[in-house]
Structure formats: structure tokens, C-alpha cells
Amino acid sequence: MAAVRQDVVAGARRIVVKVGSSSLTTASGGLDADRVDALVDVLATVRGGNGEQAPGETGPKEIVLVSSGAIAAGLAPLGLTGRPKDLARQQAAASVGQGLLVARYTASFARYGIRVGQVLLTTDDTSRRSHYRNAYRTLDQLLGMGAVPVVNENDTVATDEIRFGDNDRLAALVAHLVRADLLVLLSDVDGLYDGNPSTPGTTRIAEVRGPADLAGVSLGSAGKAGVGTGGMVTKVEAARIAAAAGIPVVLTSASHAADGLAGRDTGTYFHRTGRRSADRLLWLAHASTPQGALTLDDGAVRAVVERRTSLLPAGIAAVEGEFSAGDPVELRDTAGRAVARGLVNFDAKEIPQLLGRSTRELARELGPAYEREVVHRDDLVILHPGPRP
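This write-up is about the structure you can find in this document.

Each value, and the rule that gives it
Residues numbered from 1 in each chain as written. Predicted model: local features only at pLDDT ≥ 70, side-chain atom pairs only at ≥ 80, totals over all residues. Heavy atoms only, no water. Pairing = 2+ DSSP bridges. Helix = DSSP H or I, 4+ residues; strand = E, 2+ residues; numbered from the N terminus. Contact = heavy atoms within 4.5 Å. Axes fitted to C-alpha atoms, helices over the stretch in contact; angles between N-to-C directions. Parallel < 35°, antiparallel > 145°, perpendicular 65-115°, else oblique. Left-handed = near helix turned anticlockwise from the far one by under 90°. Nonpolar A, V, L, I, M, F, W, Y, C, P; charged D, E, K, R; others polar. Core = buried A, V, L, I, M, F, W, Y, C linked by side-chain atoms within 4.5 Å. Buried < 20%, exposed > 50% of the residue type's maximum accessible area, 1.4 Å probe, protein only.

Another aspect to go through is the sheet that holds strand β2 (residues 62-67). Strands belonging to one sheet form pairs held by backbone hydrogen bonds; the direction of such a pair is parallel or antiparallel. Reading across from one edge, β3-β4-β2-β1-β5-β7-β8-β6 is the order of the eight strands in this open sheet, with mixed pairing throughout. Either end of the sheet is taken by a strand with one partner, and the two such strands are β3 (116-121) and β6 (207-208). Bridge count between strand β1 (residues 14-19) and β2: six bridges; the pairing is parallel. Bridged to Val-16 within β2 is Val-64. The sheet contacts of helix α1 (residues 2-11) involve β5 (182-187), β6, β7 (249-253) and β8 (268-270), and relative to β8 the element is tilted by about 75°. Most of the contacts of helix α4 (residues 87-110) go to β3, to which it runs at about 150°, and overall it touches β1, β2, β3 and β4 (148-153).

On to the packing of helix α2 (residues 33-47) against α4, then. The geometry of α2 relative to α4 is characterised by a closest axis approach of 9 Å and an angle of 50° between their N-to-C directions. In terms of their interaxial angle, α2 and α4 are classed as oblique. In the packing of α2 onto α4, the handedness of the crossing is right-handed. Contacts between α2 and α4 pair Ala-33, Val-36, Asp-37, Leu-39, Val-40 and Leu-43 from the former with Arg-104, Tyr-105, Ser-108 and Phe-109 from the latter. Its residues assigned to classes, the contact of α2 with α4 shows seven nonpolar, one polar and two charged.

Ranked by size, the top nonpolar core spans 40 residues in total, and within it Val-16, Val-151, Val-174, Leu-183 and Leu-192 carry the most contacts. Elements represented by at least two residues in this core include exactly β2, β3, α6 (129-144), α7 (168-177), β5, α8 (232-244), β7 and α10 (279-286). Counting residues per element, this core draws most heavily on α7, at seven residues. Counting residues in hydrophobic clusters, the runner-up holds 29 residues, among them Leu-24, Leu-39, Val-46 and Ile-63.

Right under this line is the structure:
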């Protein structure tokens, strides 16, 4: 199977690489220039500095870098001794640190004549149709012009949670967005183990073909450096999302990045478990935060889940939450179980008058604007049974 892995990695032309905060910063929270340069050395070689191909490569490669480290980089300059718990100071640290982070990457890649472009994303940018297309066009254009996009969540304006999941989930979704051939997750651990890596007798899991290979595996929590927020749980979940979307994943440490990007036996290789789905729906399922919920009657649940139809007003039994047209909402059955998620076409305050009524009746009484779906099937994703983020 090592040959399969090497062939897949070697054949990847568009690669998303995610690096965690602990691989870029010092223990005190500032950026470690040597670590940044070491990572850039590897990426520039794989990509080919100044447009030149790396030794042994048969074609050009494109790199998208999803980089954590903005909050961590802003700690020391603001006199903070550790990652703050309150949102306002996290945002302040991100604001200072993001500039430092991109400046460091700009200077480091410049050694190879490579330009970088900063791309800050929010969940809104990727779950709404027009925003999603804009995000793809920007990233695709940067790659087409020979730049390396440096992607991060827009932490300075995040209002729900400060993170997707230490950028691991963001990286999986960006890989899907840019139609990448490979996702590489770099951290301070050299792969997935069947227990605590520091415990004698534990073994590195070289390959994961599906959920069965992870049965009984104990995953850790947060990173040991204390400047990031992710752990092996978020990395494995990100790998699962990408693999299910048809993208193979290499999970290894930043110090083994060169081996991982060469397809050598390092870290853990996650095989594809599915095929690519409709672009935006992966984001809607894994990155959006529902702003409310609609309870569906049994007939509407069958229509939406089994026949994959749009949700009409006649099938809605109840509404809760405060949301506006275009916001993501959960669709629930009468037992309260979430069966789908979608972007709603009406404000929450409008929906009570629509409940249980046909679109034809609503159009006669309220006007033609009400002769439409509450959630269109193109803006709806089914939430399959089982654990979900």
C-alpha cells in the first residue's frame, strides 16, 4: 500500500497544507522565524521556487497554506503571557498577530521569488452561494498567478466561536473549495497513534481506510504547547471530512513535512472514503452555525430526506430562533432530531403566518413573493445519522 500512497502524493498537483500554532511559535507565544523559514523551505521546494519544478517532479504543483498562529503571534507584542479566554482579547491578539504572521511568510517566501496573498474567511463566505463562488475565484486566481494563498479564519470579526477547530476543519473545507488533490495536516505530533504517543508500547497508525480502523483509538485533547486550541480529535475529524469528500490526507509533524509531501512512510495516511459532493453543501454541513430551527411534519421529513425536495411552508409545524433570510437553520423532525440544514428564504418573524399553508394560497393572500420554497433543495444538505461536528 506504500506504493499507492506514494503515487497519490506524487501525482497531487494542487495541495492544501495546514500548519498549527505550536509548529510556528515559541513557548512564550511569539513567532519563531526559524520554524517559519523551515516550513517555507519545504513548501517552496515542493512547489518549485521561481516557477521551477522540484527535483523528480513531472509537473508543476500549487500550494495553498492554511496557517494558524495569528492569535499566538499577537500574544507577546500585547504583553499577554498566555492565550486569553475572553473573545475581545482573542480578537485583539489576532488583529496584531495576523499582520506579523503574513509579513513573516511574505519575507520568507520572497527568498524564493514567490509571492503570497492573504485570504481571511468566515463561515458566511463559504456557505452562501455567491460568497462561495467569490472565495473560489479569489483562491483560484491567486494560484493561477503563481502566488501562494495564506488562508486563515477571520478571527478579528468572529462572533460565534473564534475558530473552526484550530483551522483543521477549515483546511479540510478549503481543500474541497479549491478542488485539491491532497490535504496535508502538520502539527507537533508525527502521526496518529493507537494511544498516548508518550506511553511505551503505543504504535503509529500508518494508514486509515475508514471508521473501522479508528475503533478503540484514544484521541488526545489540546496541543501540548498551549498556544493553539486543536488536538488530535480535530485533526482526525478534518481528515474524515476531507476523505469523505474524495481528498486523501497525510497527517504528520511539521518536522516531517518534507517526507509527508514526498509520499514517504511518515505520519498517517487517510485514504479517500467518498467522492466529491456538491461544493457548497459540505460547508453548509460542517461549517455553518444554525441560527434557528424549523420543525417538519412527517410528510415533509420524508419529502426532504428521502425524495430530496425543497421545503415548502405546508410541511412546517413550528419555528424557533431569530434569523434572517439567507441564514442557516436546522430542519428537525417531530422528535426534535436534526435531519437537515439549509439556508432559509424568509425572516423568522415571517414564517408563523406561513405554517401549514400552500404556496398558492399564500400567493393569493400575501402576493407572488410568497409563492416559493422556505428552503430550496439547492441550499439544503441532509444530515446523516451518526456523530457530526
